[in-house]
Amino acid sequence: MEELQSALKGNGLTLSNLPEKGRCLLTTRDFHPGEVIISQQPYVCVPNKSPVESRCDGCFTTSNLKKCSGCHVVWYCGSTCQKLDWKLHRLECEALSRLDKDRRKCVTPSIRLMGKLYLRRKLQSEKVIPTTATDSYNLVEALVSHMPDIDEKQLVLYAQMANLVNFILQQPDINIKEIAENFSKFACNAHTICDSELIPLGTGLYPVISIINHSCLPNSVLVFEGRLAVIRAVQHIPQGAEVLISYIDTTGSTMTRQKALKEQYLFTCTCPRCIKLGQSDDIQESAVLEGYRCKDEGCNGFLLRSSDDKGFICQQCGRVRDKEEIRKIASEVKSMSEKALMSLSSGNQLEAVSMYQTIEKLQRKLCHPFSISLMQTREKVLKILMELQNWREALAYCKLTIPVYQRVYPGFHPLLGLQYYTCGKLEWFLGDTEDAIKSVTKAMDILRITHGTNTPFMRDLLMKFEEAHAEASHKLSCKDE
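Residues numbered from 1 in each chain as written. Predicted model: local features only at pLDDT ≥ 70, side-chain atom pairs only at ≥ 80, totals over all residues. Heavy atoms only, no water.

S.K.: Explain the overall build of the chain to me, please; I cannot follow it from the model alone.
M.R.: Assigned secondary structure in the chain consists of 16 helices and 15 strands. Its C-alpha radius of gyration of 25 Å places the chain within 12% of the 23 Å reference for a compact globule of 481 residues. When the backbone C-alpha atoms are referred to their principal axes, the chain occupies close to 70 × 70 × 55 Å. A burial count over the chain gives 45% of its 481 residues as buried. If you take every contact in the chain between residues at least 6 apart in sequence, the share linking residues at least 24 apart comes to 59%. (Helix = DSSP H or I, 4+ residues; strand = E, 2+ residues; numbered from the N terminus. Rg over C-alpha atoms; globule rule 2.2 N^0.38 Å. Buried < 20%, exposed > 50% of the residue type's maximum accessible area, 1.4 Å probe, protein only. Contact = heavy atoms within 4.5 Å.)

S.K.: Would you mind going over unusual backbone geometry with me for this structure?
M.R.: A negative phi holds for most residues other than glycine; trans holds for most peptide bonds. In the Ramachandran plot, His72 falls in the positive-phi region, its phi being about 60 degrees despite a non-glycine side chain. Topologically, His72 is positioned in the loop between strand S5 (66-67) and strand S6 (75-76). At Leu266, a position not held by glycine, the phi torsion is positive, near 60 degrees. Residue position: Leu266 is located in the loop between helix H8 (254-265) and helix H9 (280-290).

S.K.: Looking at this structure, how should I read the UniProt feature "domain: SET" (unreviewed entry) in the chain?
M.R.: Using the residue numbers shown here, the UniProt feature "domain: SET" (unreviewed entry) corresponds to residues 11-248. For residues 11-248, the end-to-end C-alpha separation is 26 Å, with 33% helix and 21% strand making up the annotated structure. (UniProt positions renumbered as here; feature names shortened; annotations may be inferred.)

S.K.: Would you take a moment to explain the sheet that holds strand S11 (residues 228-233) for this structure?
M.R.: Strand-to-strand pairing in sheets goes through backbone hydrogen bonds, with the strands running parallel or antiparallel. Here three strands make up an open sheet; going across it, the order is S3-S11-S10 and the pairing antiparallel. The open sheet has two edge strands, strand S3 (36-40) and strand S10 (220-225), and neither has a second partner. With strand direction ignored, the average angle separating the axes of adjacent strands in the sheet is 20 degrees. In the sheet, S10 pairs with S11 via six bridges, with the strands oriented antiparallel. (Pairing = 2+ DSSP bridges. Axes fitted to C-alpha atoms, helices over the stretch in contact; angles between N-to-C directions.)

S.K.: Quick question: what am I supposed to make of the UniProt feature "domain: MYND-type" (unreviewed entry) in the chain here?
M.R.: Mapped onto the present numbering, the UniProt feature "domain: MYND-type" (unreviewed entry) falls on residues 56-93. Along residues 56-93, the helical share is 39% and the strand share 11%, with 15 Å between the first and last C-alpha atoms.

S.K.: Looking at this structure, how should I read empty space enclosed by the protein?
M.R.: In this approach, a probe sized like a water molecule rolls over the atoms, and the result shows the empty space that is left. One pass over the structure, following the stated rule, counts three cavities of 30 Å³ or more. Computed from the structure, the largest cavity encloses a volume of approximately 80 Å³. Around the largest cavity sit Glu92, Ala95, Leu96, Val107, Ile111, Arg112, Gly115, Lys116, Leu119, Val165, Ile168 and Leu169, which together line it. Taken together, the elements giving at least two residues each to the lining of the largest cavity come down to helix H2 (79-97), helix H4 (109-125) and helix H6 (152-169). (1 Å grid on protein atoms, 1.4 Å probe; cavity = no way out; pocket = protein on both sides within 12 Å on 5 of 7 lines; lining within 4 Å. Points joined across faces, edges and corners; volume = space filled by probe spheres on them.)

S.K.: Looking at this model, I keep getting lost on the side chain of Thr27. Mind explaining?
M.R.: Its location among the elements puts Thr27 in strand S2 (residues 22-27). A relative accessible area of 3% means that Thr27 is categorised as buried. At 2.7 Å, the side chain of Thr27 and the backbone oxygen of Pro238 are in polar contact. Not counting residues up to four positions away in its chain, the partners in contact with Thr27 are Gly12, Leu13, Ile237, Pro238, Gln239, Gly240, Ala241 and Val243. (Polar contact = N/O pair within 3.5 Å; in protein donor to acceptor, adjacent residues only side chain to side chain.)

S.K.: Help me understand the pattern of salt bridges, please; the structure alone is not making it clear to me.
M.R.: Working definition: two side chains of opposite charge can pair if their charged atoms are close together. According to the stated counting rule, one finds 24 salt bridges in the structure shown. In this structure, the salt-bridge partner of Asp309 is Lys323, at a minimum N-O distance of 3.3 Å. Linking Asp309 in the loop between strand S13 (303-305) and strand S14 (311-314) with Lys323 in helix H10 (residues 323-345), this pair joins segments that are 14 residues apart in sequence. Owing to a relative accessible area of 34%, Lys323 belongs among the partly exposed residues under this scheme. Several salt bridges share partner residues, and in doing so they unite Asp57, Glu92, Arg112 and Lys116 into one network. (Salt bridge = Lys/Arg side-chain N within 4 Å of Asp/Glu carboxyl O.)

S.K.: Explain the side chain of Glu242 here, please?
M.R.: Relative to the helices and strands, Glu242 is located in the loop between S11 and strand S12 (244-245). Owing to a relative accessible area of 12%, Glu242 belongs among the buried residues under this scheme. Polar contacts involving the side chain of Glu242 include one to the side chain of Asn213, which spans 2.8 Å. What Glu242 contacts, discounting residues up to four positions off in sequence, is Leu18, Lys21, Cys24, Leu25, Leu26, Asn213 and Asn219.

S.K.: Can you help me understand the nonpolar core in this one?
M.R.: For soluble globular proteins, the rule of thumb is that nonpolar side chains tend to be buried together. Within the largest apolar cluster, 43 residues are counted, with the highest numbers of intra-cluster contacts made by Leu117 and Phe183. Those elements giving two or more residues to this core turn out to be strand S4 (44-47), H2, H4, helix H5 (137-141), H6 and helix H7 (176-189). The contacts of Leu117, once residues within four sequence positions are left out, are Tyr43, Val44, Tyr137, Val140, Asn182, Phe186 and Leu205. (Core = buried A, V, L, I, M, F, W, Y, C linked by side-chain atoms within 4.5 Å.)

S.K.: I'm lost on the sheet that holds S4 in this one. Help?
M.R.: Spatial ordering of the open sheet is given by S4-S8-S7, a layout of three strands whose pairing is antiparallel. Looking along the sheet, the strands with just one partner apiece sit at the ends: S4 and strand S7 (191-194). Here the strands of the sheet are splayed against their neighbours by 30 degrees on average, with no regard to which way each runs. Relative to S4, H4 is tilted by about 150 degrees, and along the sheet it contacts S4 and strand S8 (200-205).

S.K.: How should I be thinking about helix H11 (residues 349-366) in this particular structure?
M.R.: Under the 1.5 Å per step criterion, the end-to-end length of H11 is 25 Å for 18 residues, consistent within 8% with the ideal 26 Å. Residues of H11 that are buried include every one of Ala352, Val353, Met355, Tyr356, Gln357, Ile359, Glu360, Leu362, Gln363 and Leu366, and no others. In this structure, the buried side of H11 is in contact with strand S15 (320-322), H10, helix H12 (372-387) and helix H13 (391-408). (Expected span 1.5 Å × (residues − 1).)

S.K.: Any chance you could explain the pairing of S14 here in plain terms?
M.R.: As a general feature of sheets, a regular strand has side chains that alternate between the two faces. Relative to S14, S13 runs antiparallel, the two sharing three bridges. Along S14, the bridge assignment pairs Leu304 with Ile313. Counting the residues in the hairpin turn of S13 and S14 gives five residues, including Asp309, whose phi is positive at 60 degrees. Taking the residues that link successive antiparallel strands as the turn, the S14-S15 hairpin has five residues, and the phi of Gly318 there is positive, at about 85 degrees.

S.K.: Teacher, can you tell me more about the environment of Ile211 here?
M.R.: Residue position: Ile211 is located in the loop between S8 and strand S9 (213-214). Look at Ile211 and you get buried, because its relative accessible area is 3%. It is 39 Å that separates the C-alpha atoms of Ile211 and Tyr397, two residues lying 186 residues apart in sequence. Ile211 has contacts with Leu4, Leu15, Arg23, Cys24 and Leu25, leaving out every residue within four places of it along the chain.

Right, dumping it as structure tokens:
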């Protein structure tokens, strides 16, 4: 790993090992908010598979696609992406072309990702594709797999997937046990590639980025510029500090976050937020985010279970909510949610939005105003209303989510910035130019830190901001006349 250490040195980083955490990246100089700490192209990546739309294997776009005439599995938007990918896809195309039609349908993104991993290793070993300190199969070998911690059912699944990869590639030097272990590495180390608005596009393996550890209070954020993974500081990181990102959505309670991390990444987080588990502040926060509201609608107190387990007591005013009453409303919410999901799946958006609005009313009676469940329902309503082009009502729901976003996310979080941006776009579209400027300004203050200032997304945002300013100035001059 000496070559990697040398490469990291140029980025102001060093590879280290910490007790109970393993490998990590430490800074060798100060980093400031918005500064790029490190970036990396994927060792291998694949677009998501969707029955609705396909994506280009090169740039993940959905426009002007043509299917590869050889394998009939992979799509490209044009000759540029196809040529850039050809060295690797030539081998993949040969392998996929040997499969019959039914077997090709079984080739999931995960199977393709693993196949591409071994084909890239082969091309690098044959020096068809160059190997560098940050682009090498050796880095994949060094990733943690957590194989001893995986249950038998999952191991059997990995073995079945490994056999399919082996059947597709037909390379005698490939070890099935090693393929299965690499599937386990994917589960712990692969990243979801998202666009600038954090919409998932595909999956990629970034072996150097994977060295960075998790914290529920991260000092950095991972964003993507196309397929390039970029780590930016979101606060001042002093020399000698560990670079930390979040692997999960950190909005939930400590128990919820711990459960998600244990299930997906097979470790227990000991960050400053997680070590407070069971303390009074943590209990209160959990009750607010995932608990119930006071029966008195004018009270914003949080509820805790009574000692006799017959109800929940408001910690602010002392009123008790009956356990059976809460169970009844929760049961209604669950039943209605299942129906709403079915309506949405069948494409009946008007019916679905009506149901989710009913769920939101029930949750307002049941949940604390800062409840994550209530926020998530409002987000679903917002999304459907925007698809239905009901802009005014969509704006109302967007505004309802903002206070919860402000509470559950740190000041410089891309999701908070993007929610302000959505709010600003709706306000501008509806002619509320002054409010739009305020919302877009808040969005830019956050997103210039998380997304940088020179990306196409940020240039577009800046252009919208300038247009809104010009429109506001024009309206003001018309009033003066």
